[in-house]
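A closer look at the structure
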Amino acid sequence: LSNVDAANLQNHHIQITAATADCADVEIQNIHFGPCIGDAVRVAGSATNNVVNGRAHHVTMRTGGHQLSPNSGSRSGISFQKGLKNFELGNFYIHGAKNSPIDCEPTGAGAMTGLNIHDGVVDNTGGSTAIAISFDGYDSTSLLADSRISNVNVIEGVVQVVFTENCTLDNVNIYASGQYAMAGKTDPLLYVAQLNQ
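As a convention, each chain's residues are numbered from 1 in the sequence order in which they are written. Side-chain atom pairs in this predicted model are given and counted only at pLDDT of 80 or more, local residue features only at pLDDT of at least 70, and totals for whole chains, interfaces and linings cover all residues. Hydrogen atoms and water are omitted, and side-chain values are computed over all heavy atoms in the structure.

As a further point, take the overall build of the protein. Comment: elements are numbered from the N terminus, with helices defined as DSSP H or I runs of at least four residues and strands as E runs of at least two. Looking only at helices and strands, the protein features 0 helices and 15 strands. Summed over all atoms, the accessible surface of the protein reaches about 8,300 Å², with 46% contributed by carbon and sulfur. Only the protein chains shown count as cover for residues, with accessible areas throughout obtained via the Shrake-Rupley method and a probe of 1.4 Å.

Printed below as a string of structure tokens:
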């Protein structure tokens, strides 16, 4: 899959949206994502509606190298904006995102529960931010809850955990040679901040 946008907008390859009603039981499988400008996959509910029981598995995202994209890469591999209940990302490889390859950083209040990320590789060697995975809720009243990252290898990046409740990181390996330190800033490999329960 590849998208072309002469105006250099953030077109996404696939967007799953729940703006005015819930969007349930969407499955993405066995797809290779090539160069793009926006996100390879964007999951965006709202404050009142949710993407429910979604799955993305056996996906390869090599999203760098789009000729119309500044810094030659997609915005994210997969982004979770807000409004989701029970979404699974499994058996995956992500490379080429200039923002976080996995961007769970809600843009507003809304449900964020049951996110299950497992059995994958996040390769941040082509990125322009230190954060390879953001595993975040929105604020102290809208937490990422009952979620898990397991059996994931992160190459050259930071795993950030912010505003969570009852979340687990299990067998998450972070490999870094120092390239992950962007703009002269040295970040910890695992950054846990704000309210986590």
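Moving on: the environment of leucine 195. With respect to the helices and strands, leucine 195 occurs in strand β15 (residues 190–196). Given the relative accessible area of 30%, leucine 195 is considered partly exposed. Taking the C-alpha atoms as reference points, leucine 195 and threonine 141, 54 residues apart in sequence, are found 9.8 Å from one another. Note on contacts: a residue pair qualifies if any of its non-hydrogen atoms lie within 4.5 Å across the two residues. Excluding residues that lie within four positions of it along the chain, leucine 195 makes contacts with Ser140, Leu143, Val162, Phe163 and Thr164. Three exposure classes are used, based on accessible area relative to the maximum for each residue type with a 1.4 Å probe and protein chains only: buried under 20%, partly exposed in between, and exposed over 50%.

The subject of this paragraph is the pattern of salt bridges. The rule for a salt bridge is simple: a side-chain nitrogen of Lys or Arg has to be within 4 Å of a carboxyl oxygen of Asp or Glu. Tallying each qualifying case throughout the model produces 3 salt bridges. A salt bridge links arginine 55 to glutamate 27; its shortest N-O distance comes to 3.4 Å. Remark: glutamate 27 occurs in strand β3 (residues 27–33) and arginine 55 occurs in strand β5 (residues 51–62); sequence separation between them is 28 residues. On the accessibility criterion, arginine 55 (32% relative accessible area) is partly exposed. Exposure remark for glutamate 27: the relative accessible area of 44% places this residue in the partly exposed category. With a closest N to O distance of 3.0 Å, arginine 55 and glutamate 88 form a salt bridge. Here arginine 55 is found in strand β5, whereas its partner glutamate 88 is found in strand β7 (residues 84–95), with 33 residues between them in sequence. Connected via shared salt-bridge partners are Glu27, Arg55 and Glu88.

Buried residues of nine kinds, namely Ala, Val, Leu, Ile, Met, Phe, Trp, Tyr and Cys, make up a nonpolar core once their side-chain atoms join them within 4.5 Å. Residues Phe80, Phe87 and Ile102 are the most contacted members of the largest nonpolar core, which totals 33 residues. A per-element tally of this core places β7 first, with 5 residues. Ignoring any residue separated from it by four or fewer positions in sequence, one finds phenylalanine 87 in contact with Ile16, Val43, Val51, Gly54, Arg55, Ala56, Ile78, Phe80, Gly114, Leu115 and Asn116.

Our next topic: the state of the cysteines. Criterion for a disulfide: a pair of cysteine sulfur atoms within 2.5 Å. Per the stated rule, a full pass over the model turns up 0 disulfides. Lacking any disulfide linkage, cysteine 104 is separated from the closest cysteine sulfur, that of cysteine 167, by 8.5 Å.

A separate point is the side chain of histidine 57. Looking at where histidine 57 falls in the secondary structure, it is placed in strand β5. Since its relative accessible area comes to 7%, histidine 57 is described here as buried. There is a polar contact of 2.6 Å between the side chain of histidine 57 and the side chain of glutamate 27. Identification of polar contacts relies on pairs of N or O atoms within 3.5 Å, with a donor-acceptor requirement for protein atoms, meaning one able to donate a hydrogen and the other able to accept it, and with residues adjacent in sequence counted only if both atoms are side-chain atoms.

As a further point, take the environment of valine 161. Summarising the element assignment, valine 161 is placed in strand β13 (residues 158–165). By relative accessible area, which is 7% here, valine 161 ends up buried.

In the Ramachandran plot, phenylalanine 163 falls in the positive-phi region, its phi being about 55° despite a non-glycine side chain. The exposure class assigned to phenylalanine 163 is buried, which follows from its relative accessible area of 15%. With a phi close to 55°, asparagine 166 is a non-glycine residue in the positive phi region.

Here we take up the side chain of glutamine 160. Structurally, glutamine 160 is set in strand β13. Looking at glutamine 160, its side chain comes within polar contact range of the side chain of aspartate 136, at 2.6 Å. Contacts of glutamine 160, omitting those with residues within four sequence positions, involve Ile131, Ile133, Ser134, Phe135, Asp136 and Tyr191.

Before going further, it helps to examine a nonpolar patch on the surface. On the surface, Leu169, Leu190 and Val192 cluster together into a nonpolar patch covering about 250 Å² of accessible area. Here leucine 169 lies in strand β14 (residues 168–175). Like-charged residues are merged into a patch within 9 Å and nonpolar side chains (Val, Leu, Ile, Met, Phe, Trp, Tyr) within 5 Å, provided each residue has over 30% relative accessible area and no salt bridge.

Function-wise, these values are silent; they only describe arrangement.
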